[in-house]
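Reading the structure
Listed below, chain by chain, are the residues.
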Amino acid sequence: NNSKQVSIPKVASTNLKKALLESKGLLPGPPDQVSENTTNSLIATCCHLTAEVAAAHYDLQRAYTFTFIRHPYTRLYASYQEDMWQHYAVLVKILRSARGWSEAELADRGAVEGEAASITFTEFLTMVGSTDTDTEDKHWQPWFLEAQPCLILYNYIGYIEDMETGFQIVRDAVFGDQGRGVELSTAGVNHWSRREVVEAYREVSQSVLDRIYQNFEDDFVIGGYSRDIECIS
(Lines give C-alpha, C1' and ligand atoms only; values in the text may rest on other atoms or scores of the structure.)
Protein backbone atom coordinates (compact mmCIF):
# COMPACT_ATOMS: atom_id res chain seq x y z
CA ASN A 1 0.00 0.00 0.00
CA ASN A 2 2.36 2.67 -1.26
CA SER A 3 0.61 5.86 -0.20
CA LYS A 4 1.67 9.25 1.13
CA GLN A 5 -0.54 11.61 3.08
CA VAL A 6 0.49 15.25 3.24
CA SER A 7 -1.01 16.17 6.58
CA ILE A 8 -2.29 19.72 7.16
CA PRO A 9 -3.27 20.88 10.68
CA LYS A 10 -6.95 21.75 11.26
CA VAL A 11 -8.08 19.76 8.22
CA ALA A 12 -9.26 16.65 10.09
CA SER A 13 -5.91 14.94 9.41
CA THR A 14 -6.09 13.06 12.72
CA ASN A 15 -9.52 11.65 11.89
CA LEU A 16 -8.34 10.58 8.47
CA LYS A 17 -5.21 8.93 9.83
CA LYS A 18 -7.18 7.06 12.50
CA ALA A 19 -9.66 5.81 9.93
CA LEU A 20 -6.84 4.48 7.75
CA LEU A 21 -5.14 2.89 10.75
CA GLU A 22 -8.20 1.32 12.35
CA SER A 23 -8.35 -1.69 10.14
CA LYS A 24 -10.15 -4.34 12.15
CA GLY A 25 -7.50 -6.63 10.73
CA LEU A 26 -8.29 -5.66 7.15
CA LEU A 27 -5.48 -3.23 6.46
CA PRO A 28 -1.90 -4.49 6.24
CA GLY A 29 -0.33 -1.28 7.48
CA PRO A 30 -0.67 2.50 7.83
CA PRO A 31 0.02 4.94 5.02
CA ASP A 32 3.16 6.98 5.41
CA GLN A 33 2.67 10.57 6.47
CA VAL A 34 4.91 13.14 4.86
CA SER A 35 6.72 15.05 7.59
CA GLU A 36 5.63 18.63 8.03
CA ASN A 37 8.92 19.95 6.71
CA THR A 38 9.19 17.74 3.62
CA THR A 39 7.36 19.89 1.10
CA ASN A 40 8.81 23.17 2.30
CA SER A 41 12.33 21.74 2.24
CA LEU A 42 11.75 20.54 -1.31
CA ILE A 43 10.64 24.02 -2.35
CA ALA A 44 13.61 25.64 -0.62
CA THR A 45 16.09 23.41 -2.44
CA CYS A 46 14.33 22.80 -5.73
CA CYS A 47 16.66 25.18 -7.52
CA HIS A 48 19.66 23.32 -6.09
CA LEU A 49 18.74 19.74 -6.90
CA THR A 50 20.65 17.24 -4.80
CA ALA A 51 20.43 13.47 -4.68
CA GLU A 52 18.51 13.70 -1.40
CA VAL A 53 15.96 16.15 -2.78
CA ALA A 54 15.54 14.12 -5.95
CA ALA A 55 15.01 10.94 -3.93
CA ALA A 56 12.41 12.56 -1.68
CA HIS A 57 10.53 13.99 -4.64
CA TYR A 58 10.70 10.69 -6.53
CA ASP A 59 9.41 8.84 -3.47
CA LEU A 60 6.39 11.15 -3.34
CA GLN A 61 5.63 10.80 -7.02
CA ARG A 62 5.82 7.00 -6.97
CA ALA A 63 3.23 6.79 -4.22
CA TYR A 64 -0.51 7.41 -4.26
CA THR A 65 -0.20 10.93 -2.83
CA PHE A 66 -3.17 12.69 -1.29
CA THR A 67 -4.14 15.53 0.99
CA PHE A 68 -7.26 17.31 2.20
CA ILE A 69 -7.92 21.04 2.25
CA ARG A 70 -10.38 23.32 4.00
CA HIS A 71 -11.98 26.72 3.53
CA PRO A 72 -9.58 29.29 5.02
CA TYR A 73 -12.40 30.97 6.95
CA THR A 74 -13.57 27.83 8.75
CA ARG A 75 -10.01 26.65 9.33
CA LEU A 76 -9.14 29.96 11.00
CA TYR A 77 -12.29 29.81 13.11
CA ALA A 78 -11.40 26.29 14.24
CA SER A 79 -7.88 27.45 15.13
CA TYR A 80 -9.29 30.32 17.20
CA GLN A 81 -11.67 28.05 19.09
CA GLU A 82 -9.36 25.10 19.63
CA ASP A 83 -5.68 26.08 19.45
CA MET A 84 -5.02 29.74 20.15
CA TRP A 85 -5.38 29.40 23.93
CA GLN A 86 -2.69 26.74 24.15
CA HIS A 87 0.15 28.97 23.00
CA TYR A 88 1.47 31.63 25.36
CA ALA A 89 3.60 33.21 22.62
CA VAL A 90 0.47 33.60 20.48
CA LEU A 91 -1.37 35.37 23.29
CA VAL A 92 1.57 37.77 23.55
CA LYS A 93 1.46 38.46 19.80
CA ILE A 94 -2.27 39.14 19.92
CA LEU A 95 -2.05 41.52 22.85
CA ARG A 96 0.84 43.31 21.14
CA SER A 97 -0.74 43.59 17.68
CA ALA A 98 -4.43 43.95 18.53
CA ARG A 99 -4.35 45.78 21.87
CA GLY A 100 -1.05 47.60 21.70
CA TRP A 101 0.34 46.28 24.96
CA SER A 102 3.79 47.52 25.85
CA GLU A 103 6.72 45.18 26.35
CA ALA A 104 6.56 45.89 30.08
CA GLU A 105 2.93 44.78 30.19
CA LEU A 106 3.67 41.71 28.08
CA ALA A 107 6.43 40.70 30.49
CA ASP A 108 3.78 40.00 33.13
CA ARG A 109 2.86 36.39 32.33
CA GLY A 110 0.00 36.33 34.81
CA ALA A 111 -1.57 39.39 33.20
CA VAL A 112 -1.16 37.91 29.72
CA GLU A 113 -2.74 34.59 30.66
CA GLY A 114 -5.51 36.44 32.48
CA GLU A 115 -6.56 38.08 29.24
CA ALA A 116 -6.77 34.83 27.24
CA ALA A 117 -10.50 34.32 27.70
CA SER A 118 -11.30 37.86 26.62
CA ILE A 119 -9.47 37.75 23.28
CA THR A 120 -11.97 38.14 20.47
CA PHE A 121 -12.05 36.48 17.08
CA THR A 122 -11.36 39.84 15.45
CA GLU A 123 -8.25 40.28 17.59
CA PHE A 124 -7.06 36.80 16.65
CA LEU A 125 -7.54 37.58 12.94
CA THR A 126 -5.78 40.91 13.39
CA MET A 127 -2.74 39.02 14.68
CA VAL A 128 -2.90 36.47 11.85
CA GLY A 129 -3.24 39.19 9.24
CA SER A 130 -0.25 41.11 10.56
CA THR A 131 2.09 38.09 10.65
CA ASP A 132 4.25 36.89 7.78
CA THR A 133 2.65 33.69 6.50
CA ASP A 134 6.01 31.88 6.48
CA THR A 135 6.30 32.33 10.24
CA GLU A 136 2.70 31.56 11.18
CA ASP A 137 1.81 28.74 13.52
CA LYS A 138 1.14 25.56 11.50
CA HIS A 139 -2.45 25.50 12.72
CA TRP A 140 -3.29 28.66 10.81
CA GLN A 141 -0.52 28.93 8.27
CA PRO A 142 -1.94 28.81 4.71
CA TRP A 143 -2.38 25.18 3.71
CA PHE A 144 -0.85 26.03 0.33
CA LEU A 145 2.57 26.34 1.99
CA GLU A 146 2.29 22.88 3.48
CA ALA A 147 0.63 21.06 0.60
CA GLN A 148 2.57 22.77 -2.21
CA PRO A 149 0.14 21.62 -4.94
CA CYS A 150 2.22 23.31 -7.64
CA LEU A 151 5.20 21.10 -6.76
CA ILE A 152 3.64 17.78 -5.82
CA LEU A 153 1.63 15.86 -8.37
CA TYR A 154 -1.27 14.69 -6.24
CA ASN A 155 -3.40 11.71 -7.10
CA TYR A 156 -6.19 13.20 -5.03
CA ILE A 157 -6.97 16.42 -3.16
CA GLY A 158 -10.08 16.18 -1.03
CA TYR A 159 -12.25 18.78 0.68
CA ILE A 160 -13.07 18.58 4.36
CA GLU A 161 -16.48 19.97 3.42
CA ASP A 162 -17.18 16.57 1.82
CA MET A 163 -14.68 14.48 3.74
CA GLU A 164 -16.77 11.29 3.83
CA THR A 165 -16.76 11.09 0.04
CA GLY A 166 -13.07 12.01 -0.11
CA PHE A 167 -12.15 9.36 2.43
CA GLN A 168 -14.00 6.68 0.49
CA ILE A 169 -12.10 7.64 -2.67
CA VAL A 170 -8.72 7.45 -0.89
CA ARG A 171 -9.63 4.28 1.00
CA ASP A 172 -10.70 2.48 -2.14
CA ALA A 173 -7.69 3.69 -4.14
CA VAL A 174 -5.16 2.69 -1.48
CA PHE A 175 -6.67 -0.46 -0.03
CA GLY A 176 -9.28 -1.63 -2.53
CA ASP A 177 -11.63 -4.30 -1.20
CA GLN A 178 -9.49 -4.71 1.93
CA GLY A 179 -10.53 -1.30 3.20
CA ARG A 180 -14.27 -1.51 2.65
CA GLY A 181 -14.97 -2.19 6.32
CA VAL A 182 -13.28 0.99 7.54
CA GLU A 183 -15.44 4.01 8.26
CA LEU A 184 -14.44 7.62 8.86
CA SER A 185 -15.34 9.23 12.16
CA THR A 186 -16.29 12.90 11.90
CA ALA A 187 -16.28 13.34 15.67
CA GLY A 188 -14.59 16.58 16.61
CA VAL A 189 -14.90 18.07 13.14
CA ASN A 190 -17.00 21.18 12.57
CA HIS A 191 -18.35 21.65 16.08
CA TRP A 192 -19.96 24.87 14.94
CA SER A 193 -22.90 25.58 12.73
CA ARG A 194 -22.48 27.52 9.51
CA ARG A 195 -24.58 30.28 11.07
CA GLU A 196 -22.20 30.62 14.03
CA VAL A 197 -19.15 30.92 11.78
CA VAL A 198 -20.84 33.43 9.46
CA GLU A 199 -21.98 35.53 12.42
CA ALA A 200 -18.43 35.58 13.80
CA TYR A 201 -17.08 36.88 10.50
CA ARG A 202 -19.79 39.51 10.22
CA GLU A 203 -18.25 41.13 13.31
CA VAL A 204 -14.87 41.46 11.61
CA SER A 205 -14.01 44.72 9.87
CA GLN A 206 -13.51 44.77 6.11
CA SER A 207 -9.92 45.92 6.52
CA VAL A 208 -9.07 42.84 8.60
CA LEU A 209 -10.88 40.56 6.14
CA ASP A 210 -8.94 42.13 3.28
CA ARG A 211 -5.68 41.39 5.06
CA ILE A 212 -6.74 37.79 5.69
CA TYR A 213 -7.60 37.36 2.03
CA GLN A 214 -4.25 38.82 1.02
CA ASN A 215 -2.39 36.33 3.24
CA PHE A 216 -4.54 33.36 2.21
CA GLU A 217 -5.21 34.22 -1.43
CA ASP A 218 -3.57 31.03 -2.70
CA ASP A 219 -5.80 28.94 -0.44
CA PHE A 220 -8.90 30.72 -1.71
CA VAL A 221 -8.00 30.66 -5.39
CA ILE A 222 -6.47 27.19 -5.70
CA GLY A 223 -9.11 25.65 -3.45
CA GLY A 224 -11.89 27.37 -5.39
CA TYR A 225 -13.28 29.03 -2.26
CA SER A 226 -15.22 32.28 -2.26
CA ARG A 227 -14.08 35.19 -0.09
CA ASP A 228 -17.74 36.13 0.47
CA ILE A 229 -18.51 35.23 4.09
CA GLU A 230 -22.11 34.45 3.14
CA CYS A 231 -20.81 31.56 1.01
CA ILE A 232 -19.16 29.76 3.94
CA SER A 233 -20.29 26.15 3.94
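Everything below is about the structure printed above this text.
Just so it is clear, the structure is predicted and the values come from calculations on it, not from any experiment.

Time to look at the nonpolar core. Core analysis: the largest hydrophobic core is formed by 61 residues, its most contacted members being L76, F121, F124, L125 and Y201. Excluding anything up to four places from it in sequence, L76 contacts F121, F124, L125, V128, W140, Y201, I212 and F216.

This next bit is on the packing of aromatic side chains. Ring pairs (aromatic) are described by centroid distance and by the angle formed between their planes. Going through the model one piece at a time under the given rule, you end up with 13 aromatic pairs. Geometrically, the ring pair formed by Y73 and F220 is edge-to-face, given 5.1 Å between the ring centres and 75° between the ring planes. Remark: F220 occurs in helix 13 (residues 217–223) and Y73 occurs in helix 4 (residues 72–82); sequence separation between them is 147 residues. Like F220, Y73 is buried. An aromatic cluster is defined as three or more aromatic residues linked by ring pairs; in this entry it consists of Y73, Y77, Y80, W85, F121, F124, W140, Y201, Y213 and F220. A cation over an aromatic ring shows up here: R109 above the ring of Y88, its NZ or CZ 3.8 Å from the ring centre.

Attention shifts here to the side chain of Q141. The topology assignment puts Q141 in the loop between helix 8 (121–129) and helix 9 (143–147). When its relative accessible area of 5% is taken as the criterion, Q141 is described as buried. Not counting chain neighbours up to four residues away, the residues in contact with Q141 comprise R75, T133, D134, T135, E136, E146 and F216.

Rules and cut-offs
Residues numbered from 1 in each chain as written. Predicted model: local features only at pLDDT ≥ 70, side-chain atom pairs only at ≥ 80, totals over all residues. Heavy atoms only, no water. Core = buried A, V, L, I, M, F, W, Y, C linked by side-chain atoms within 4.5 Å. Buried < 20%, exposed > 50% of the residue type's maximum accessible area, 1.4 Å probe, protein only. Contact = heavy atoms within 4.5 Å. Phe/Tyr/Trp six-rings, centres within 6.5 Å; stacked < 30°, edge-to-face > 60°. Helix = DSSP H or I, 4+ residues; strand = E, 2+ residues; numbered from the N terminus. Lys NZ or Arg CZ within 6 Å of the ring centre and 35° of its normal.

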